[in-house]
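Observations on the three-dimensional arrangement
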Amino acid sequence: MSTTHLANPPATTPGDTSFFGHPKMLASLFSVEMWERFSFYGMQGILLYYMYFSAAEGGLEINKALAASLVGAYGGGVYLSTILGAWLADRLFGSERVLFGSAVMIMAGHIALALIPGVPGLVAGLVLVGVGSGGLKANATALVGSLYREKDERRDAGFSIFYMGINAGALIGPLVTGWLQESQGFHWGFGAAAVGMAVGLGIYALGRNKLPEEAHRVPNALPVAERTKYGLIFAVIAAVIAVLLATGMVNADNLAMSMAYAAIGASALYFVLIFSSKKVNATERGRVAAFIPLYIASAAFWALFQQQFTFIAVYSEEKLDRNLFGWEMPAAWVQSINPVFIIIFAGVMAALWTRLGRRQPGSALKFSIGLFVMGLAFLAFIPLAGGGKTPLLALVGILLLFTLAELFLSPIGLSVTTKLAPKAFHTQMVALFFLSVSLGTTLAGMLSGLYNPDDELPYFIGVGGTAMLLAVGLAAASPAIKKLMGGVR
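Residues numbered from 1 in each chain as written. Predicted model: local features only at pLDDT ≥ 70, side-chain atom pairs only at ≥ 80, totals over all residues. Heavy atoms only, no water.

A short note on the overall build of the protein chain
Regarding its fold elements, the protein chain presents 16 helices and four strands. A globule of 489 residues ought to have a C-alpha radius of gyration of about 23 Å, and the protein chain, at 21 Å, matches this closely. Viewed in the frame of its principal axes, the protein chain has a C-alpha envelope of about 65 × 50 × 45 Å. The buried share of the protein chain, taken over its 489 residues, is 56%. Contacts in the protein chain between residues far apart in sequence, at least 24 positions, make up 83% of those at least 6 positions apart. Total accessible area on the protein chain is roughly 19,200 Å²; 70% of this is exposed by carbon and sulfur atoms. Taken as two groups, the 31 positive and 25 negative side-chain charges of the protein chain have centres that lie 15 Å from each other. (Helix = DSSP H or I, 4+ residues; strand = E, 2+ residues; numbered from the N terminus. Rg over C-alpha atoms; globule rule 2.2 N^0.38 Å. Buried < 20%, exposed > 50% of the residue type's maximum accessible area, 1.4 Å probe, protein only. Contact = heavy atoms within 4.5 Å. Areas by Shrake-Rupley, 256 points an atom, 1.4 Å probe, with all protein chains shown as cover. Lys, Arg positive; Asp, Glu negative; His and termini not counted. Charge placed at Lys NZ, Arg CZ, Asp CG, Glu CD.)

Some remarks on the side chain of Ser267
Relative to the helices and strands, Ser267 is located in helix H9 (residues 255–276). Within the structure, the side chain of Ser267 is placed 2.5 Å from the side chain of Tyr295, a separation counted as a polar contact. With residues near it in sequence (within four places) discarded, Ser267 still touches Tyr295, Leu432 and Leu435. (Polar contact = N/O pair within 3.5 Å; in protein donor to acceptor, adjacent residues only side chain to side chain.)

So, the pattern of salt bridges
Side chains that differ in charge, positive against negative, can pair when their charged atoms come close. On inspection of all chains with the given rule, the structure shows four salt bridges. The residue Arg37 makes a salt bridge to Glu36 at a minimum N-O spacing of 2.6 Å. In terms of burial, Arg37 and Glu36 fall into one category: buried. A salt bridge links Glu318 to Lys64, with the shortest nitrogen-to-oxygen separation between them at 2.0 Å. Placement of Glu318 in helix H11 (residues 311–318) and of Lys64 in helix H2 (residues 64–80) is noted, with a sequence separation of 254 residues between them. Residue classification places Lys64 among the partly exposed positions, given a relative accessible area of 32%. (Salt bridge = Lys/Arg side-chain N within 4 Å of Asp/Glu carboxyl O.)

Some details on the packing of aromatic side chains
One pass over the full model with this rule turns up 37 aromatic pairs. Centroid distance Tyr52 to Phe53: 5.4 Å. Interplanar angle 75°. Geometry classified as edge-to-face. The exposure class of Tyr52 is buried, given its relative accessible area of 12%. Look at Phe53 and you get buried, because its relative accessible area is 11%. Each residue in the set Phe301, Trp302, Phe305, Phe311, Tyr315, Phe378, Phe381, Phe402, Tyr451, Tyr459 and Phe460 is aromatic and connected to the rest through ring pairs, giving one cluster. For Arg37, the ring lying beneath its charged end belongs to Phe40, and the centroid distance is 4.2 Å. (Phe/Tyr/Trp six-rings, centres within 6.5 Å; stacked < 30°, edge-to-face > 60°. Lys NZ or Arg CZ within 6 Å of the ring centre and 35° of its normal.)

Structural data, given as structure tokens:
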């Protein structure tokens with residue numbers, strides 16, 4: 001008997017308000033995400049510096065522009081790997097088991113970064129963390145979506161609370177690893193990330209049995225007769241990747257562009273598979289069509305937002321005045337500014353959406369606002385262009401705009417994706433959203449290479465202005481998008 005109808009059941013009753021007005025399982029799901037974000041952002045806060053700092057400073061002496069593009073490609077790879085995690089959950093193991101295995105892989109990756117010196121440790125660590133993070137992200141998000149009925153008005157607020165919880169980890173991670181990197185060295189910072197992930201894994205392991213039974217079921221189980229076929233497909237894909245790397249066709253210099261092509265190709269394939277599936281009805285196809293402009297807006301947004309780890313990381317280390325009363329703040333601590341604002345304002349936004357109820361803006365309009373504010377944040381760099389150090393307070397203000405933009409788009413994107421997803425492709429639609437993040441994150445690394453500190457204005461105007469124009473276009477199209485959504489807001 002098919003289990004497709006179990007893809008997105010209500011895991012709790014509508015009256016379950018035991019966790020700040022939301023289902024109690026929301027707390028269990030973001031606990032593992034919180035510690036995963038601690039380890040992920042803690043590691044990422046010092047990653048670029050580890051790559052381009054000199055050997056005397058404990059780094060690998062990789063060219064700065066190349067290092068930034070590699071960080072973007074790595075970030076894109078994290079979100080690209082959500083495809084594999086989503087497929088394994090939907091077809092073989094269920095979301096909960098994939099989430100647990102991914103957490104183990106992440107911990108192993110941080111251990112490799114901490115204990116294996118040089119490029120071999122970097123490669124092994126980033127591959128393990130990247131693939132593991134992709135598997136964890138898609139499935140944690142899908143499980144949160146399963147806690148709410150389709151038209152439960154608490155859904156957007158619930159995702160905002162979830163977002164606030166995981167950003168607590170994103171706040172603390174760079175503070176710990178940045179301090180350790182400057183006082184003890186890079187590998188101590190990576191070790192702290194490993195310890196954080198181990199704590200999160202332990203807490204989650206103790207609470208796994210509290211998840212609803214549906215979390216362990218496979219929504220669209222792969223028939224036993226087809227498993228050999230898919231095993232061969234995966235083996236061929238792995239062989240092709242190995243050949244591309246071994247022959248140098250894919251190398252450090254073109255890795256970012258290769259990741260971008262992979263994200264675009266995978267996204268196009270997913271849309272074709274969903275639209276052509278006999279398990280998707282006409283209403284669901286309309287909803288998937290409505291998701292396409294949101295996908296494009298999301299990719300554009302993340303191409304700017306994820307420059308926190310590329311352009312802004314370098315900007316913070318080289319141009320930012322980090323002197324506080326005679327003490328120089330570690331550059332990695334700048335990565336904790338955004339999570340501070342998330343923690344402050346995510347609850348406010350969640351309360352606002354709950355209070356507005358049916359009167360709140362639709363998802364497309366929220367996306368438009370988020371993208372517009374993101375473009376405005378880059379235009380805010382214009383008065384700071386030129387020589388001299390940038391005041392810390394000025395960058396804090398710009399990162400406040402980053403945060404407000406993020407709250408209008410990122411948790412809303414997670415929420416609307418689960419609402420628009422066909423039942424047979426629930427987790428894989430979440431992977432599609434993360435593919436837009438993958439593409440945007442990869443572009444963030446590539447775009448940062450265009451920044452010229454000696455002529456800053458073209459970069460700020462071009463990047464910020466393009467985002468604002470796209471936002472206006474999306475706002476104009478929002479009534480048509482709303483019609484395609486088939487009653488989903």
